[in-house]
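Fold and geometry: a report
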Amino acid sequence: MVQHQVRGFLTITDDCSFRISQFDMLSGSDVHFWGSIAPDFDNLTKGFIISDYKLNETYKNASFSVKLSRNATWDQIQVLSIWDLSTESNFGHVILSNGSDLAPALSPNLAPAPSGNDTGGEEGKPGPFRVPTMFDNCKVLSNDYRIRWSLDGDFIDIGLEAAITIQNYMAFGWANPNANSEVMIGGDVAVAGFSEDGMPFVDDFSITGYSECTIDKDGSAHGVCPDTIYEGSDPVGLVNNTKLIYGHRRDGVSFIRYRRPLVSADTKYDLPVNYTENMTVIWALGLMRPPDTIRPYYLPQNHGGPMSVTYGHLVLNVSDQVNECLGPLDAEDKEDQDLIIADANKPLVVTTGPAIHYPNPPNPSKVLYINKKEAPVLKVERGVPVKFSVQAGHDVALYITSDLIGGNATLRNKTETIYAGGSEAEGVLASPMELIWEPDRNTPDLVYYHSLFQKKMGWRVEVVDGGLSDMYNNSVLLDDQQVTFFWTLSKETISIAARGEKKSGYVAIGFGTRMVNSYAYVGWIDDIGVGHVNSFWIDGRDAPSVHPTNENLTDIRCKSENGIITFEFTRPLKPCSHNDQVECKNIIDPTTPLKVIWALGTKWSDEHLNEKNMHFETSHRPIQVFLMRGSAEAEQDLRPVLAVHGFMMFLAWGILLPGGIMAARYLKHVKGDSWYQTHVYLQYSGLAILLLGLLFAVAELRGLYVSSAHVKFGLAAIFLACVQPVNASMRPKKPANGEEVSSKRHLWEYLHFIVGRSAIIVGIAALFSGLKHLGDRYGDENAHGYIWALILWFAIGTMIVTYLEYQEKRRRRGRILGRSNWVLGNLEEDDSIDLLSPARASAQKDAEHSGRMEVQLEPMNRLLKCGTFNPLVNFGQKRGGSGVDFFQLPPYNRNLTPNFDFGVSLGLGSNFDNVGAPNPLEMSSLMDRLRVRSERRPIYNLDESNDDA
């Protein structure tokens, strides 16, 4: 059974005749018995007529004899086929070997005639060969559904055959013998069908309820579910006991052959079949749900419809000989090829690919693909230009012809009319050829696209009068080229149309970045063939989250043509003046890009939606439609780009720049200028990362748009950050020892302080506004969590700064009380005292009134022989007068290493009392190096100001 549902048995009776029995075939135009030397494409097309017998009618279980032509002998015939001359179509064939011997190979349509009940011939002689479409028995289940079967030892081979669409399933199995009125419950059935890519499948199912298979929260499944769902993985096939043997779709008819054991090892879900007893069998036809990430199976949906049409049950004894199937199934819709409707604004990309489901066998191994679909039916409109982008290779020249076969009909001594294309219409991906064809009123309703250099690479073109492309000013293909979006703008309204590019039960488009939080429009055909268009607001991923809205839609139309759904409507640009309803926020602004997404599904309802109404295919990303310009472009997923940008800005504003400020504020008490180096390195590192993050975002977004609060905060913060190094380069010179700080120095310090702190504050505001922008515009679900994490980070930073500020206050208080830290040999001013701190002025005044003087020791040119001094050398305090009560040095110790870093609190008077001092020579050497610095008078040596020293 291939083209035209050919099926039957062939018997060679003698050297010049053969007999056909139990023959089924739908009628053709010019059909003959055909002979060739091999079954490949080239040899079949070069074959010849072997008999004058014509097959130009429909046959139903017919039997007849055929004589060979005078010029035909069995030695010339290796392959006998049924051939349509006008279309060069092979309806079916059988392979012969050694002339009249029948070979056990290739023939899913015709079979050698059986000899009695034998399944094999005598030893050494070829016996009858059973092709996968032939069975011993056939039972009619409904007008469009049949079951065929053959017993084979402990197994039964079953063939399911139905005139259904490719989206439908076929189910057959045995009812539970213990079932009462609910005959389906407990049934053991096989569900067969075809996947979206046209591959056959069959799975073992168990029925535990009248519902689609659902999985509860505890993992238990119920409904019509595959056996493997109940048991998990089934690597050795102990649960799924159905084995696919063969499957195909021809002329709108699905055929699946599978094998199952009569008594299965799976006693939990499978029912034993007693082939000698009458048993109740159950069957159903209906739509199936494609697999998804949650349920990776093709699942049957409710069959619906009346009993004995879409479902039923009967008593069957598989050992009985039954043959109720007279004639082939004749489907109303025989076209399985994809349909592409040409658009004037979008080119049709023509390539080549492997022939998998070519509609007119035999065919070459490589055929034409249009928009990634194998030999689709192309539908064009008169008066609308069709643009082809030919990328099929230099050996494929596209042309539009009146000849069904193509490949230059003049080479076959036939005439043809060429409407477009020719030998120059060839190109490759790197250098495609653009071919424009505009059908006119003289173009026939049916023409063909083919290659000029090879026959039967393309398929047919349907030419119709003007349609959507003529009715709407603009159109674009949405993501994945599965839905076309049309629109026409007026002053206050917009007219919209959407057309699916593949067969489906409904088409939905949405305005938004994704289906969640989007406004959707759904067009579908109900059970009685009436079209509907409704609007919805979607705020979740489940069926209850789809809420109907009351938008003012006018000029509503919805139709289905060969399973392709198109719907149209007109709506206001601004739905309503008040804002208390959700649809009032669905405003279309023609000056801004409209983000459009789409979905295709099996079935829709205007009442109670459930999981059965979920889509089986959806867009992967939104398309930005520029309504005014009439163009569109794919919206890139910028979240990875924004993540890198955000991390760089957090690293700068959240770590490096605040760290540089803290280094300058809290590390000045550290020896040397390490605080300054740390401050400079962190600030310049943060500034460099800021500029890199800005350039990265601008490059990826293809421009700088100062529209959102985040961009304004960010640019202001970056400007302030860039001012700081310029400010630092203009820093006035620090005053020398004893000099007063200049007003310019004071002004610079205040400016540096204010700009730096302001940059940090504005930068933090830019971080928070950026996260809010990420959630509002790009719909990032984690934006809220990021904001709380950022708040926690800066809260921790605030606590750290508070602690450091407390420590700094204590350190300053210690300096005010006279416990200053001195560094031996550091003659520079102590920068640890903040010039902007109010404590500094009071400390200076206290020093002036107390009469204390600051002593600083320089490193000596040689080590003191006296050893180590105590880190605190107390020279005494004033007691009401100018005299000094005591002067104490540590005991002499020559075994200790000298230490030159110590602090001194010194009171000056007229006398010194030396208690426990070293010898006078060493003391004199020490005093030579001791200098006194006063806030009220110049530095002088102690030995010059006090002869007693």
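Residues numbered from 1 in each chain as written. Predicted model: local features only at pLDDT ≥ 70, side-chain atom pairs only at ≥ 80, totals over all residues. Heavy atoms only, no water.

**Some words on the environment of C325**
- Tracing the backbone through its elements, the reader meets C325 in the loop between β23 (311-316) and β24 (339-341).
- Judged by relative accessible area, C325 falls into the buried class, the value being 4%.
- Residues C325 and I147, 178 residues apart in the sequence, show an inter-C-alpha distance of 9.2 Å. (Helix = DSSP H or I, 4+ residues; strand = E, 2+ residues; numbered from the N terminus. Buried < 20%, exposed > 50% of the residue type's maximum accessible area, 1.4 Å probe, protein only.)

**Side note on the pairing of strand β46 (residues 623-626)**
- Side chains of β46 alternate between two faces, with I623 and V625 and Q624 and F626 buried alike.
- As judged from the three bridges shared by strand β44 (residues 594-601) and β46, these two strands associate in the antiparallel manner. In the strand pairing of β46, K595 is matched with Q624.
- The pairing of β46 with strand β47 (residues 631-634) spans four bridges and is classified as antiparallel. (Pairing = 2+ DSSP bridges.)

**Observations concerning a nonpolar patch on the surface**
- Side chains of L792, I796, M799 and I800 sit close together on the surface and give an oily, nonpolar patch of about 390 Å² of accessible area.
- Following the sequence through the fold, L792 ends up in helix α8 (residues 783-816).
- A residue is classified by how much of its surface remains accessible, and L792, at 54% relative accessible area, is exposed. (Patch = residues over 30% accessible without salt bridge, like charges linked within 9 Å, V, L, I, M, F, W, Y side chains within 5 Å. Areas by Shrake-Rupley, 256 points an atom, 1.4 Å probe, with all protein chains shown as cover. Salt bridge = Lys/Arg side-chain N within 4 Å of Asp/Glu carboxyl O.)

**Some thoughts on the nonpolar core**
- Counting 33 residues, the largest nonpolar core has L378, F388, W437 and Y449 as the members making the most contacts within it.
- In terms of residues, this core owes the most to one element, strand β26 (residues 366-370), which gives four residues.
- Those residues in contact with W437 that sit more than four places away from it in its chain are V380, V384, P385, V386, F388, I400, Y419, A420, T443, V447, V461 and V463. (Core = buried A, V, L, I, M, F, W, Y, C linked by side-chain atoms within 4.5 Å. Contact = heavy atoms within 4.5 Å.)

**A word on unusual backbone geometry**
- Following P361, the chain continues into P362 via a peptide bond in cis, with omega recorded as 0°.
- Phi at K372 is positive, roughly 70°, even though this residue is not glycine.
- Here K372 is to be found in the loop between β26 and β27 (373-374).
- Of note, the phi angle at D555 is positive, near 50°, even though the residue is not glycine.
- Relative to the helices and strands, D555 resides in strand β42 (residues 554-561).
- Judged by its relative accessible area of 48%, D555 is partly exposed.

**Some remarks on the side chain of T484**
- Position of T484 relative to the elements: it lies in strand β36 (residues 483-489).
- At 2.6 Å, the side chain of T484 forms a polar contact with the side chain of E501.
- Those residues in contact with T484 that sit more than four places away from it in its chain are D343, S475, V476, L477, A497, A498, R499 and E501. (Polar contact = N/O pair within 3.5 Å; in protein donor to acceptor, adjacent residues only side chain to side chain.)

**Comments concerning the state of the cysteines**
- For the structure on display, the rule yields three disulfides.
- Numbered by order of appearance in the sequence, the disulfide-linked cysteines of the chain pair as 1-4, 2-3, 5-6. (Disulfide = S-S within 2.5 Å.)

**Describing the environment of D24**
- With respect to the helices and strands, D24 occurs in strand β2 (residues 17-25).
- With residues up to four places along the chain from it excluded, the contact list for D24 reads Q5, V6, R7, Y59, K60, N61, G327 and P328.
- One polar contact links the side chain of D24 to the main-chain amide nitrogen of N61, over a distance of 2.6 Å.

**Some remarks on the confidence of the model for the chain**
- Residue-level pLDDT values for the chain average 80, and 79% of them are 70 or greater.
- Considering only residues more than four positions removed or in separate chains, one finds that residues 819-852, a stretch of pLDDT under 50, has 61 contacts.
- When the criterion is pLDDT under 50, residues 860-890 qualifies, and its contacts beyond four places in sequence or with other chains add up to 84 contacts. (pLDDT = per-residue confidence, 0-100.)

**Concerning the sheet that holds strand β28 (residues 377-381)**
- The strand order β24-β28-β34-β33-β30-β31 describes an open sheet built from six strands, whose pairing is mixed. Looking at strand neighbours, the two that pair on one side only are β24 and β31 (418-421), the edges of this open sheet. Mean inter-strand twist for the sheet, computed between neighbouring axes without regard to direction, equals 25°.
- Here three bridges tie strand β33 (residues 446-451) to strand β34 (residues 460-464), and the two strands are oriented antiparallel to one another. (Axes fitted to C-alpha atoms, helices over the stretch in contact; angles between N-to-C directions.)

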